[in-house]
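# Residue-level structural notes
Given next are the chains, with one letter for each unit.
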Amino acid sequence: MLETTRLILKPATIEDAENLFKLNSDPEVMRYTGDQKFQSTLEAQKIINENLIPQFDNYQMGRFMIFLKDGTFIGWCGLKYFPETDEVDLGYRLKRSFWGKGFATEASKVCLDYGFNYLNLKRIIGKAMPENIGSIKVMQKLGMTFRGYLRDPTDPQAFILYDIFKSEEHP
Ligand SMILES: CC(C)(COP(=O)(O)OP(=O)(O)OC[C@H]1O[C@@H](n2cnc3c(N)ncnc32)[C@H](O)[C@@H]1OP(=O)(O)O)[C@@H](O)C(=O)NCCC(=O)NCCS
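Small disclaimer: the values here were computed from a predicted structure and weren't measured.

This part covers the overall build of the protein. Each helix and strand in the protein was counted, giving five helices and eight strands. Once the C-alpha set of the protein is aligned to its principal axes, its extents read approximately 35 × 35 × 35 Å. Out of the 171 residues belonging to the protein, those deemed buried represent 46%. Sequence separation of at least 24 residues holds for 58% of the intrachain contacts in the protein that already meet a minimum separation of 6. Only carbon and sulfur atoms are counted for the fraction: they give 51% of the accessible area of the protein, which is about 9,200 Å².

Structure, rendered in structure tokens:
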């Protein structure tokens, strides 16, 4: 469990399925993620069991569920390990009513701190679609550096790559 001034971050459990199902049911939330909404709470449970929990079991990292101090679920944020490329990715997704209040930046800071100072990672990346200004602003506020496009910029699926190294953390 991680804590910030306003937030509690917990590894996903099966009880989070309903919250994740509802979060992914908002097309505005999903717009720039490249992910599809879940068809049911059951599908969310399957993802939690097959992806989210094993990430923590295998790599001690994953997407944390974010709650306000009063217990309100607001979304998720966290690190994900990609064995194919040996890269660790920072990601975040919040319910629309909680956008624009600095929550993604606040949650991301504690996740970067966890990655660099607890897991001793050297580098963390972030990816966003070029139109996703909110996500890009979060990466910039975190002190991450623009590294270029992952595909041709004219490709509708072109993602922008940012990264940050342990030595640059929390500028
Ligand atoms: C991306 C997301 C997590 C940002 O969360 P957030 O808590 O609103 O982020 P923050 O408040 O920390 O910072 C966002 C900044 O971008 C700004 N912003 C957001 N959308 C913007 C837009 N369309 N144009 C200009 N600025 C924008 C906000 O005003 C804020 O700026 P500020 O720091 O000057 O106040 C949230 O919008 C979200 O969940 N989006 C849907 C899921 C998603 O796209 N995830 C990322 C996939 S790469």
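Now, onward.
With that settled, consider the pattern of salt bridges. Scanning the model with the defined rule gives 11 salt bridges in all. R6 is the partner of E106 in a salt bridge, and the nearest nitrogen-oxygen pair spans 2.7 Å. In this pair, E106 sits in helix α4 (residues 103-118) while R6 sits in the loop between β1 (2-3) and β2 (7-11), placing the two residues 100 residues apart along the sequence. For R6, a relative accessible area of 32% puts it in the partly exposed group. Between D163 and R147 there is a salt bridge, with the nearest N and O atoms lying 2.7 Å from each other. With D163 in strand β8 (residues 160-165) and R147 in strand β7 (residues 145-149), this residue pair connects regions lying 16 residues apart in the sequence. Overall, R147 belongs to the partly exposed group, its relative accessible area being 44%.

Let us look at the nonpolar core. With 37 residues, the main nonpolar core has L9, L90 and I124 as its most contacted residues. Elements with a minimum of two residues in this core: β2, β3 (63-68), β4 (73-82), β5 (87-94), α4, β6 (123-128), α5 (133-141) and β8. Per-element accounting of this core gives the leading share, eight residues, to α4. A12, L23, M30 and F73 belong to the second largest nonpolar core, which has 14 residues in total.

Mapping D16 onto the fold places it in the loop between β2 and α1 (17-23). K10 is the oppositely charged side chain nearest to the buried, salt-bridge-free D16, at an N-O distance of 7.2 Å. Sequence-distant contacts of D16, that is, excluding residues within four places in its chain, are made with P11, I48, M65 and F67.

On to the site of the ligand. Taken together, 21 residues are adjacent to the ligand, and L94, G100, G102, T105 and K141 come closest. Backbone polar atom of L94 to an oxygen atom of the ligand: 2.7 Å apart, as the coordinates give it. The backbone of F103 places a nitrogen or oxygen atom 3.5 Å from an oxygen atom of the ligand. Isolated, the ligand exposes 950 Å² of accessible area, and the fraction of that covered by the protein chains is 71%. At the level of elements, β5, α4, β6 and α5 are the ones that each hand at least two residues to the shell around the ligand. Sorting elements by how many residues they give to the shell around the ligand places α5 first, with six residues.

So, on to unusual backbone geometry. Phi is mostly negative for residues that are not glycine, and the peptide bonds are mostly trans. Phi at Q60 takes a positive value of approximately 60 degrees, unusual for a residue other than glycine. Relative to the helices and strands, Q60 resides in the loop between α3 (41-59) and β3. Here D86, not a glycine, exhibits a phi torsion of approximately 55 degrees, which is positive. Relative to the helices and strands, D86 resides in the loop between β4 and β5. Looking at D86, the relative accessible area reads 56%, which means it is exposed.

Tallying each qualifying case throughout the model produces eight aromatic pairs. Ring centres of F67 and F73 lie 5.8 Å apart, and the angle between their planes is 65 degrees; this geometry places the pair in the edge-to-face category. Comparing F67 with F73, the two get one shared label, buried. Feature note: the residues F56, F64, Y114 and Y118 constitute an aromatic cluster, connected by ring pairs. The positively charged end of K10 is found above the aromatic ring belonging to F67, 4.9 Å away from the centroid. The residue whose ring lies beneath K127 is F82, and the NZ or CZ to ring-centre distance is 5.1 Å.

How each quantity is defined
Residues numbered from 1 in each chain as written. Predicted model: local features only at pLDDT ≥ 70, side-chain atom pairs only at ≥ 80, totals over all residues. Heavy atoms only, no water. Helix = DSSP H or I, 4+ residues; strand = E, 2+ residues; numbered from the N terminus. Buried < 20%, exposed > 50% of the residue type's maximum accessible area, 1.4 Å probe, protein only. Contact = heavy atoms within 4.5 Å. Areas by Shrake-Rupley, 256 points an atom, 1.4 Å probe, with all protein chains shown as cover. Salt bridge = Lys/Arg side-chain N within 4 Å of Asp/Glu carboxyl O. Core = buried A, V, L, I, M, F, W, Y, C linked by side-chain atoms within 4.5 Å. Lys, Arg positive; Asp, Glu negative; His and termini not counted. Near = heavy atom within 4 Å. Polar contact = N/O pair within 3.5 Å; in protein donor to acceptor, adjacent residues only side chain to side chain. Phe/Tyr/Trp six-rings, centres within 6.5 Å; stacked < 30°, edge-to-face > 60°. Lys NZ or Arg CZ within 6 Å of the ring centre and 35° of its normal.

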